[in-house]
Amino acid sequence: EMDAKYNRKMQALREEMDLRRKTEIHELEERKNNQISELMGKHEGAFGDIKNYYNDITAKNMSLISLLKEQVEEMKKKEIILEKEKTDVLLQNKELTEPLQQAQEQVAELQKKLARYDKDKETLMNSKARLKVTQKELKDLQWEHEVLEQRFSKVQAERDELYQKFTKAINEVQQKTGFKNLLLERKLQGLLSLLEQKEVELGEVVTVSNLDPSALSLVSHKLKDVLHSKNDTIQDLQLQLARVCKAHNDMLQTFEAKLMAFGIPVDNLGFQPLAFPLPGQ
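What this report covers is the structure whose coordinates are included nearby. Note that the structure is predicted; figures quoted are calculated from it, not measured.

## So, the overall build of the protein
The helix and strand inventory of the protein stands at three helices and zero strands. Counting from the amino terminus, helix and strand elements in the protein follow one another as α-α-α. Burial statistics for the protein: of 281 residues in total, 9% are counted as buried. With the model as given, the accessible surface of the protein reaches about 24,200 Å², and the carbon-plus-sulfur share is 58%.

## With respect to the packing of aromatic side chains
In total, this model carries one aromatic pair according to the counting rule given. Cation over ring: Lys9 sits above Tyr6, and NZ or CZ is 5.4 Å from the ring centre.

## Some points on the pattern of salt bridges
Opposite charge on two side chains makes pairing possible when the charged atoms of those side chains draw close. For the structure on display, the rule yields five salt bridges. Residues Glu74 and Lys78 are paired through a salt bridge, measuring 3.7 Å at the closest nitrogen-oxygen approach. With Glu74 and Lys78 both in helix H1 (residues 2-115) and four residues apart, the pair spans about one turn of that helix. Using a relative accessible area of 42% as the deciding quantity, one classes Glu74 as partly exposed. Residue classification places Lys78 among the partly exposed residues on the basis of a relative accessible area of 41%.

## Quick notes on a nonpolar patch on the surface
Taken together, the side chains of Met10, Leu13 and Met17 present a nonpolar region at the surface, about 280 Å² in accessible area. Relative to the assigned elements, Leu13 resides in helix H1.

## Some thoughts on a negative patch on the surface
Where like charges cluster on the molecular surface, the negative patch consists of Glu24, Glu27, Glu29 and Glu30. Looking at the element boundaries, Glu29 is found in helix H1. Since its relative accessible area comes to 39%, Glu29 is described here as partly exposed.

Reading the values: the criteria
- For every chain, the first residue of the written sequence is number 1, and numbering continues from 1 along that sequence.
- In keeping with the model being predicted, local features are shown solely for residues with a pLDDT of at least 70 and side-chain atom pairs are shown and tallied solely at 80 or more, while totals for entire chains, interfaces and linings include all residues.
- With hydrogens and water stripped out, all remaining heavy atoms of the structure feed into the side-chain values.
- The helix count covers DSSP runs of H or I at least four residues long, the strand count covers runs of E at least two residues long, and both are numbered beginning at the N terminus.
- Remark: exposure states derive from per-residue accessible area (1.4 Å probe, protein chains only) relative to the maximum for the residue type, with buried under 20%, exposed over 50%, and partly exposed in between.
- Per-residue and other accessible areas follow the Shrake-Rupley method at a 1.4 Å probe size, with only the shown protein chains counted as cover for residues.
- Only Phe, Tyr and Trp rings take part, Trp by its six-membered ring, and two of them pair if their centres are within 6.5 Å. Stacked means planes under 30 degrees apart, edge-to-face means over 60, and tilted covers everything else.
- Charge-over-ring placement is defined geometrically: NZ (Lys) or CZ (Arg) within 6 Å of the ring centre, and within 35 degrees of the ring normal.
- Here a salt bridge means any side-chain nitrogen of Lys or Arg lying within 4 Å of a carboxyl oxygen belonging to Asp or Glu.
- Every patch collects residues that have over 30% relative accessible area and no salt bridge, joining them within 9 Å if they carry like charges and within 5 Å if they are nonpolar side chains (Val, Leu, Ile, Met, Phe, Trp, Tyr).
- His residues and chain termini do not enter the charge count, which takes Lys and Arg as positive and Asp and Glu as negative.
- By convention, the charge on Lys lies at NZ, on Arg at CZ, on Asp at CG and on Glu at CD.

Right, dumping it as structure tokens:
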């Protein structure tokens, strides 16, 4: 009985412990799953942060690479400029080498002269003589300078006079050509008006007189001859107008060339010369 009793207790205790073990295992699995979920969430957040961080680093590196490329290009340009300046400096140094060598030789020669008193005295006398010659040359140059200044003033006066003459001539030619063009245009307009009037009169005469076809043909033929003559006159007038406009424009080009030859800007005229367009333009 005691054995059975303890067996029952052992069975009950085994079942209780087994249930407790299962319960604890279930709680452990739930905690494990919760921890796994939390860890996965944290890992995903950390992965997103790392991804964003490396994306930011990549974008910064790309912008830095672009900036560095621009700096490299700028440095290459500066290097080319520096190479050119270096070449120029080397060329200048090469050009200055001979004068420097000559100056050094002169210094050595002067030091030799200073070492000897007698030669220094002779050099001093020679220097005084050269000084007198130089003073004389200076006076001659001053006199030539005064002469050149007077000639320059005279040339300036002649230039101003020519400038005034050119201005006056261009104004006169502009007025003449403008007036002549106006006369030619008015004459052309008068001929056109007269032609229209004659055509109207001819139409009225044909309507009133009821001419036969042969007479009408003769009148039309004569009218065509008259119109042909008038058209030739109009063409001649247009050619004369074109020649006048071309001569005016050629004169303007010659005038501007003369101004440039005398060093006078065209803007100093105080007005804009009128260039007539050719007929048909």
